[in-house]
Every structure is written in C-alpha cells, then in structure tokens.
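# Understanding the architecture of this molecule
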Amino acid sequence: MQPTVVQTVVGKRIRLAAVIAALLLLAAPTHDLVAQERAIEVLIGSAKLALEVPPLIEQGRTLVPMRAILEAVDAKVAWDAKTRTVTASKQGITLILTIGNGSALVNGKETPLDVPARILEGRTLVPLRFVSENLGERVTWNPETRTISIKRDEAILQGSTPAEGVVEGDGGGDEDDADPENSDGSIFKGPRVGEGGNDADQIFRSLAVSPVDPRVLYVGSEGNGIFKSSDGGAAWNWFRKGLKTFTNDPNSGAYPEIWDLVIHPRDPDLIFIAATGGGPGPLTGGFPSANGGVYRSKDGGRSWVQLTQGLPNGAVGSIAVDPDDPLTVYAGLRAGRVSFSGPGIQAGWFFEGGVYQSTDGGESWRKLPLPAPADQNEFWEILALDSGTLFALGLVYGNQPESLGIVRSLDAGTTWTKIAGPQGIQFHYFTVSPQDADLIYVLQRDTWKVYKSADGGRGWQEYANGASGPIAASPFDKQTVLFAANNELFKSTNGLVSARKVLSVQPAARFIMDIEFTPDPKVIYAGARGLLIYKSIDGGETFQPVANLREYIDSQ
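Residues numbered from 1 in each chain as written. Predicted model: local features only at pLDDT ≥ 70, side-chain atom pairs only at ≥ 80, totals over all residues. Heavy atoms only, no water.

### Digging into the overall build of the protein
To keep things clear, this is the line we draw: Helix and strand assignments come from DSSP, with helices taken as H or I runs of at least 4 residues and strands as E runs of at least 2, each series counted from the N terminus. Throughout, exposure labels follow a simple rule: accessible area from a 1.4 Å probe, protein chains only, divided by the maximum for the residue type, with under 20% read as buried, over 50% as exposed, and the rest as partly exposed. Whether two residues are in contact is decided by their heavy atoms: any pair within 4.5 Å suffices. Calculation of accessible area relied on Shrake-Rupley with a 1.4 Å probe; when residues are assessed, cover is drawn exclusively from the protein chains displayed.
On a plain count of helices and strands, the protein comes out with 6 helices and 46 strands. In the protein, which comprises 556 residues, the proportion classed as buried is 53%. Residue pairs at least 24 apart in sequence account for 50% of intrachain contacts in the protein once pairs closer than 6 positions are excluded. Total accessible area on the protein stands at roughly 23900 Å², and carbon and sulfur atoms take up 51% of it.

Quick look at the structure:
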C-alpha cells in the first residue's frame with residue numbers, strides 16, 4: 001500500500017488504525033499466516049513428534065527444528081557454531097547443511113536445496129523432506145489434516161539378536177529380504193566350510209571402504225551375501241535382496257560368491273560387485289553360473305540388480321569404475337571349463353575370459369580388444385586410476401606362456417599394451433601407486449617374491465620380502481606399502497626396502513585376502529578367510545579385530 005493511501009485517512013483515527021493493522025498483517029511472514037490457519041503435525045510412524053517451535057513453511061517447503069527431526073530418525077547430529085553447519089549421519093549417509101546456503105552436501109556431492117536451513121528464535125531449522133528422504137525415510141503430506149508422516153524405509157533390514165562381539169545395527173535379515181525366486185520365502189545361509197581349501201568363508205577382494213567416510217565399509221562373502229558397517233565395524237547390516245540363489249537340495253542353498261566390490265567415488269550409494277555362481281558358464285538357464293555376473297546397487301547395498309546383457313560368461317572375478325563417470329564400468333571375466341551339464345551345455349565346454357566395458361551403468365556390455373591370448377585368461381584384477389588409465393591382470397594358473405600378465409590402457413580401454421615382467425615371472429597380485437602410475441608392485445605366483453618397477457614396467461627390482469598377496473600402495477605416500485604373507489600382514493614405509501609385521505591372524509589357515517586404505521590416512525582395514533575383519537587407527541602400525549562375520553551368520 002502506497003503512503004498516499006495512508007495519508008488519505010489522516011484525521012480519521014478509526015480508519016487509520018484499521019489500515020495500520022492491515023499493513024502489519026500484510027508484512028507478516030507467510031509462515032505466520034499458515035500457522036494461524038492450523039498447526040502442522042509431524043508423525044514419526046504413529047507417534048506425534050514434539051517440536052520446540054512450530055514447523056515453518058517457506059516457498060512450499062517445511063522446515064523443522066534440526067535436533068528434533070534428526071534424532072527422531074535415528075541420525076547422529078553435530079552442530080558447528082563457528083561455521084554454522086549441521087552434520088547428520090546415518091547408515092553410511094552423511095548430510096552437511098550450512099545456514100543460509102542454497103545447497104547441501106550428500107556424501108560429499110553438492111545437492112541444491114529449495115529452501116536453505118535457517119535460525120529462528122534461537123533454533124536451527126532444516127528442510128524436513130530433504131533431510132528425511134536423504135537419510136532413508138519416506139515422507140508423505142496429508143493436506144486435509146495438515147499432517148506430515150515419516151515412515152522408516154522397509155528396505156532397511158531389521159536385525160535380531162547379535163552375535164557376541166558383533167553388534168547388529170539397523171539390519172540383520174527379515175522375511176522382506178527373501179529372494180523372490182525362493183518359493184518358501186526362506187533366506188539362505190551359505191555352508192560353513194573348514195579352515196583350508198578354496199571354500200573357507202573367503203572374502204576374495206570384496207572388502208571396500210566408502211571414498212568419503214572411513215567408517216562405512218562393505219564385505220562380500222562366499223555365498224552369504226553382503227555385509228555393511230556404518231560405524232567402522234562395530235555394527236553390521238546383512239544385505240541379500242536381489243542376489244540370486246542356487247539350491248542343490250531343499251535344505252541348502254547359497255548366494256553368489258562375491259569376488260570383488262567397488263564403490264563409485266562420486267556416488268557412494270552406487271556399488272557394483274563381481275560374482276560367480278560356481279565357476280564359468282552361461283548367465284541364462286538353470287545353471288549355477290547363471291547366479292553370477294555383475295550386480296549393481298543404487299541404494300548403498302540394500303538391494304541389488306543382476307546385469308547380464310552382453311556378458312557371455314557367469315564368472316566375473318573383478319570390477320572397476322571410471323572415477324569420474326558413474327556410467328562407465330569394467331568387468332573382468334574368468335575363462336574356464338564348465339563342471340556341469342544340462343540342456344544345451346556339456347561338461348567341459350570352454351567359456352572365454354576378457355575385459356568388458358559398459359558405458360550405461362552396466363545395462364549393456366562390450367568386449368574390449370585386449371592382446372592375445374586374453375581369451376584364455378582369468379582376469380584377477382582391474383584398476384582404473386582415472387578416466388583414461390586402466391590396468392588389468394590376466395593369468396592362467398600353471399601355464400606361463402598363456403598368461404597375459406599386466407596390460408595397460410591410456411585411452412579407456414580402446415588400445416592396450418603389455419607390461420613385460422622379469423623373465424619367467426608369472427604375476428599373481430599387483431598394485432599401482434595412486435600417486436604415480438609408473439610405480440608398480442607385483443607378486444610372483446607361489447614363489448613369495450616381490451618386484452617393483454618405478455618406470456612403468458621397463459625395469460624391475462626384486463625384494464627379499466616374502467609375500468603371497470594381496471599388496472596395497474598407500475594413496476597418501478607412494479613409499480608406503482602393505483602386503484600379506486599368508487596370515488601375516490607387513491608394512492613398509494620405504495618402498496619395500498624393509499618391512500615389519502603389523503598383524504598375525506589366528507588360526508594360521510585364515511589367510512589375509514584384502515587390504516583397504518580409506519579417506520583417513522590413519523584408518524586401514526584388512527580382511528581374512530573366515531570373514532574376519534581387522535582395523536588400524538594408527539596408519540597401519542597396529543591392527544585390532546573388529547568383526548567375526550561367520551559367528552554373526554551362525555547366530556541368525
């Protein structure tokens with residue numbers, strides 16, 4: 001209303017008072033008007049959420065007191081008064097909101113907000129739908145009753161009594177997670193096999209840590225699905241939804257063997273696994289191999305989808321992702337002969353290996369043109385250092401002439417060159433320094449010898465340190481390397497010139513299978529047969545056990 005309108009009522013006090021009142025009403029924030037209409041209620045399940053101040057409506061979005069809503073959905077909350085920043089974390093998801101900022105960070109990824117967080121009457125208010133849905137809750141609005149309902153995501157598996165030493169978190173398995181292909185709705189537990197041999201609760205190379213949070217780790221298993229911890233190994237979820245099963249008799253069955261697991265650096269909820277259902281073979285039909293292949297999760301491991309289009313072999317031993325492109329994925333197939341027969345398949349038929357690429361998030365695959373004799377090889381490991389630089393290791397056990405060895409591509413797999421090792425050496429494990437693509441460490445098959453090249457494979461130096469694998473180079477210091485010798489773990493800080501033992505797993509038959517650095521240089525994990533998980537919080541100087549997942553499985 002313009003000043004001239006007010007001036008027209010000067011001298012008429014009653015009318016002037018009415019105009020002033022109208023002006024005050026128009027100046028009042030929209031949320032005050034809404035609050036006068038009818039108070040908004042927030043329900044968590046069926047319980048009304050108690051709020052210190054009423055919900056605030058801005059631009060069609062509801063803001064509520066930070067601590068009340070976040071604690072109600074079981075999130076951990078931190079407030080930094082200096083930076084005016086709210087941090088909320090739950091089940092591997094971390095949200096960071098800054099007062100007045102039009103975007104938030106979701107696991108490190110910048111995400112726009114319709115309405116920023118703000119402070120009102122000394123209370124910090126956050127957008128209800130944004131924080132709730134990003135932390136795994138479902139939010140609905142009833143305009144007639146002016147009620148906001150928040151319900152827990154049923155995909156989060158609810159746990160039962162935890163095993164001693166393994167505290168169950170927000171999920172341990174329930175009937176909602178049963179494989180729909182199991183007619184009785186049961187959930188399989190993979191068989192517990194002895195301490196030795198090829199089947200001993202192996203994790204292969206399926207231990208993986210979130211690229212943005214060192215507390216979030218995943219462990220793939222040999223027939224038991226996937227385990228996830230969001231607090232550094234203290235509590236675990238058990239995920240199997242969508243993983244196919246194979247049943248040999250009515251009383252037994254297993255999920256695929258998970259050989260490798262990778263989390264995308266730019267989207268920590270996007271995960272791929274390399275799996276096998278019992279060795280090489282077709283991905284279609286009623287064969288064990290049809291349960292393998294590549295699986296993808298877009299929800300942090302809670303559910304999985306098998307991706308088979310273009311993959312001719314159900315034995316996938318390795319997986320990698322383009323660090324900059326969530327849609328580009330690489331899968332390493334294991335060559336070999338089938339051990340079963342059936343319609344259209346004869347025992348002994350040979351299935352080729354190779355490295356396959358997907359540029360649509362795994363929906364379809366094409367074979368990359370590796371040097372011969374790639375088709376005869378098992379592709380044990382793939383490394384993607386950046387969008388163009390790839391390394392892959394192909395080997396044929398006991399047949400050095402047919403083993404491809406290490407190959408490298410500098411153009412995302414279009415062309416490849418072989419990296420020649422020392423004469424007569426068959427590589428088994430290898431790693432490349434994340435800081436220097438020319439610094440390569442390799443282990444010789446079954447001889448315990450370790451070799452290092454500082455010039456991209458042109459020259460090699462042998463070291464006396466005995467190792468049987470795996471080996472991992474630090475992303476923080478290219479002279480720091482951790483490697484395993486059966487059940488013992490060693491650390492070198494001078495590029496393998498010397499090393500010292502930092503872990504001895506007992507019993508001795510439980511070999512160390514995987515080593516993982518994390519975003520925190522002080523936190524490192526190692527996994528051993530028997531589904532044993534170890535953790536260091538001092539940069540690998542010492543390790544302590546944090547989980548025995550086989551004991552947990554047996555308790556369910």
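Still more ground to cover, so stick around.
### Details of the environment of Leu135
Structurally, the position occupied by Leu135 is in the loop between α5 (128–134) and β12 (137–142). Overall, the relative accessible area of 0% leaves Leu135 in the buried class. The sequence separation of Leu135 and Ala88 amounts to 47 residues, and the corresponding C-alpha distance is 8.6 Å. Setting aside residues no more than four positions away along its own chain, Leu135 makes contact with Leu70, Val73, Ala75, Ala88, Lys90, Ile93 and Leu95.

### Here we look at the environment of Asp477
Just so we agree on the cut-off: Counted as a polar contact is a pair of N or O atoms within 3.5 Å, where, for protein atoms, one must be capable of donating a hydrogen and the other of accepting one, and residues adjacent in sequence contribute only when both atoms are in side chains.
Position of Asp477 among the secondary structure elements: in the loop between β39 (471–473) and β40 (481–485). By relative accessible area, Asp477 is classed as partly exposed at 32%. When the C-alpha positions of Asp477 and Gly495 are compared, they lie 9.7 Å apart, and in sequence the two are 18 residues distant. Only 2.9 Å separates the side chain of Asp477 from the side chain of Thr480, close enough to count as a polar contact.

### Quick notes on the sheet that holds strand β33 (residues 405–409)
Heads up, the rule is: Two strands are said to pair when DSSP picks up at least two bridges between them. Axis definition: a line fitted to C-alpha atoms, over the contacting stretch in the case of helices. Angles run 0 to 180 degrees between N-to-C directions.
Spatially, the 4 strands line up as an open sheet ordered β31-β32-β33-β34, and their pairing is antiparallel. The two strands at the open ends of the sheet, each matched to only one other strand, are β31 (378–384) and β34 (417–419). For this sheet, the mean inter-axis angle between neighbouring strands, taken without regard to orientation, is 25°. Direction of pairing for β33 relative to β34: antiparallel, over a ladder of 3 bridges. Among the inter-strand pairings, Arg408 is bridged to a residue of β34, identified as Thr417.

### Quick notes on unusual backbone geometry
Negative phi is the rule for most residues except glycine; trans is the rule for most peptide bonds. Residue Ala372 is joined to Pro373 through a cis peptide bond whose omega torsion reads 5°. Along the chain, Gln506 connects to Pro507 via a cis peptide bond; the corresponding omega equals -5°. Note on placement: Pro507 falls in the loop between β42 (500–504) and β43 (512–517). In this model, Arg84 sits at a positive phi of 55°, which is unusual for a non-glycine residue. Position of Arg84 among the secondary structure elements: in the loop between β5 (76–80) and β6 (85–90). Classification of Arg84 by relative accessible area gives partly exposed; the value is 40%.

### Observations concerning the packing of aromatic side chains
Which entries qualify depends on this criterion: Two rings from Phe, Tyr or Trp (for Trp, the six-membered ring) form a pair when their centres are within 6.5 Å of each other. A pair whose planes differ by under 30 degrees is stacked, one over 60 is edge-to-face, and the rest are tilted. The rule for a charge over a ring is simple: NZ of Lys or CZ of Arg within 6 Å of the ring centre, and within 35 degrees of the ring normal.
If you walk through the whole model with that rule in mind, you get 9 aromatic pairs. Taken together, a centroid distance of 5.7 Å and an interplanar angle of 45° make the contact between Phe427 and Trp460 tilted. Placement of Phe427 in strand β35 (residues 427–433) and of Trp460 in the loop between β37 (450–453) and β38 (461–463) is noted, with a sequence separation of 33 residues between them. These aromatic residues form a ring-pair network of at least three members: Phe204, Trp259, Trp380 and Tyr429. In this arrangement the basic side chain of Arg205 is found over the ring face of Trp380, its NZ or CZ atom lying 4.3 Å from the centre. In this arrangement the basic side chain of Arg240 is found over the ring face of Trp238, its NZ or CZ atom lying 3.7 Å from the centre.

### Focus: the sheet that holds β39
Spatially, the 4 strands line up as an open sheet ordered β39-β40-β41-β42, and their pairing is antiparallel. Each having just a single partner strand, β39 and β42 make up the two edges of the open sheet. Taken pair by pair, the neighbouring strands of this sheet meet at an average axis angle of 20°, ignoring direction. Where β39 and β40 come together, 3 bridges link them in antiparallel fashion. Each residue of the ladder has a partner; that of Ala473, found in β40, is Val481.

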